[in-house]
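Remarks on the overall topology
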Amino acid sequence: MTHIARLADTNRAFLYRNWASPQVLIRDATLLELRRVLEVAREVPGPLPPPRCVPVRIVVRAARLLREHPVVGAMARTDPTLAHAAVLRPTTVWHQEAWHWLSNHVTEHLPRGKEQEAATLAVLNTSLPYALTPPPDSADLTTERASIDRRLTLSLHPCLGLPLNCHDCTPG
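Read on for a plain summary of the structure.

Calculation notes
Residues numbered from 1 in each chain as written. Predicted model: local features only at pLDDT ≥ 70, side-chain atom pairs only at ≥ 80, totals over all residues. Heavy atoms only, no water. Helix = DSSP H or I, 4+ residues; strand = E, 2+ residues; numbered from the N terminus. Buried < 20%, exposed > 50% of the residue type's maximum accessible area, 1.4 Å probe, protein only. Contact = heavy atoms within 4.5 Å. Areas by Shrake-Rupley, 256 points an atom, 1.4 Å probe, with all protein chains shown as cover. Lys, Arg positive; Asp, Glu negative; His and termini not counted. Charge placed at Lys NZ, Arg CZ, Asp CG, Glu CD. Axes fitted to C-alpha atoms, helices over the stretch in contact; angles between N-to-C directions. Parallel < 35°, antiparallel > 145°, perpendicular 65-115°, else oblique. Left-handed = near helix turned anticlockwise from the far one by under 90°. Polar contact = N/O pair within 3.5 Å; in protein donor to acceptor, adjacent residues only side chain to side chain. Arc of directions from axis to C-beta. Core = buried A, V, L, I, M, F, W, Y, C linked by side-chain atoms within 4.5 Å. Salt bridge = Lys/Arg side-chain N within 4 Å of Asp/Glu carboxyl O.

**Concerning the overall build of the protein**
Summing up its helical and strand segments, the protein has 9 helices and 0 strands in all. Ordered by position from N to C terminus, the α and β elements of the protein give α-α-α-α-α-α-α-α-α. Along the longest, intermediate and shortest principal axes, the C-alpha atoms of the protein span 55 × 45 × 30 Å. In the protein, which comprises 172 residues, the proportion classed as buried is 38%. Long-range contacts, defined as pairs at least 24 residues apart, comprise 59% of the intrachain contacts of the protein with a sequence gap of at least 6. Surface exposure of the protein reaches about 10000 Å², of which carbon and sulfur atoms provide 59%. Once the 19 positive and 16 negative side-chain charges of the protein are each reduced to a mean point, those two points are 3 Å apart.

Quick look at the structure:
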C-alpha cells in the first residue's frame, strides 16, 4: 500500500479508508480502467461501415485498445492464464463488465434470451484471444495491427450472424 500510495501521490491512510486491501484496490482500479477502455472503443473513427457492421468495428477497436494497453500487455506476458480466467470466469467482475458491455453495445440488436446470450458468449470467446495477446515487438506494428484486426473482423462476422464475405466491413 505504501508503494501504491506513493505512485498515486496520496497517503496510505486514504487508501486504507477507501479500500479493504491491496487486492480490492487493484480490482477496483482495473475494473474502472476496463470501463474506460470499453467506452473509448465505442467511439469508432469514421468512415463508418454499414450499421450492421458497426458492432464488429467496436469489438475490434476494444480488442486493439486492450491488447495495446500497458497493463493488459504486461499481464498477458507474465500470466496469460490469469488474464484469460479473469474475463472468462462468469463470477468475476471483469467478466460481468465485459458481458454487460457486449450485451448493450454489440449484441443488443438480437432478441433477449438464449440467442443474445449465445452470440455474446461467441463474441467474448472469439475476441478474447485477440485482446489478451500482446502485440509482437516488431518493426512493422502497423501491418501486424491491420492483419490482427482483419482476422478478428472475419471471425466476428459469423458470431453476429453476418456474412463471411462482407465487402462493406474493413477494419479501421
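And the narrative resumes.
**Digging into unusual backbone geometry**
Of the consecutive residues G46 and P47, the connecting peptide bond is found in the cis state with omega at -5°. One can find P47 in the loop between α3 (22–41) and α4 (54–67).

**Here we look at the packing of helix α8 (residues 114–131) against helix α9 (residues 141–159)**
Close contact between α8 and α9 brings their axes to 9 Å; oriented N to C, the two are set at 165°. Between α8 and α9, the crossing angle belongs to the class labelled roughly antiparallel. For the element pair α8 and α9, the recorded crossing hand is right-handed. Seen from α8, the contacting residues are A119, A122, V123, T126, S127 and Y130; seen from α9, they are I148, R151, L152, S155, L156 and C159.

**A short note on the side chain of Q116**
In this structure, Q116 sits in helix α8. Polar contacts involving the side chain of Q116 include one to the side chain of R112, which spans 3.0 Å. Sequence-distant contacts of Q116, defined by excluding residues within four places in its chain, comprise S103, T107, E108, L110 and P111.

**Section: helix α5 (residues 70–78)**
Listed in full, the buried residues belonging to α5 are V72, G73 and A76. Projection of α5 onto a plane perpendicular to its axis shows the buried side chains occupying an angular sector of 100°, all on one side. Exposed side chains of α5 directed beyond 90 degrees from the buried face belong to P70 and T78. Structurally, α5 contributes buried residues whose contacts are with α4, α6 (80–88) and α8.

**Some details on the nonpolar core**
Grouped together as the largest cluster of nonpolar side chains are 34 residues, with contacts concentrated most on V56, W101, L102, V106, V123 and L156. Looking at this core, the elements with two or more residues in it are α3, α4, α6, α7 (93–105), α8 and α9. Here the element with the most residues in this core is α4; it accounts for 7 residues. Leave out the neighbours within four places in its chain, and L156 touches V56, V59, V60, V123 and T126. Counting residues in hydrophobic clusters, the runner-up holds 5 residues, among them A5, L15, W19 and L25.

**Points about the pattern of salt bridges**
What the rule picks out here adds up to 7 salt bridges. Among the ionic pairs, E97 bridges to R35, the shortest N-O distance being 3.0 Å. One end of the pair, E97, is in helix α7; the other, R35, is in helix α3, with 62 residues separating them in the sequence. The residue E39 makes a salt bridge to R42 at a minimum N-O spacing of 2.9 Å.

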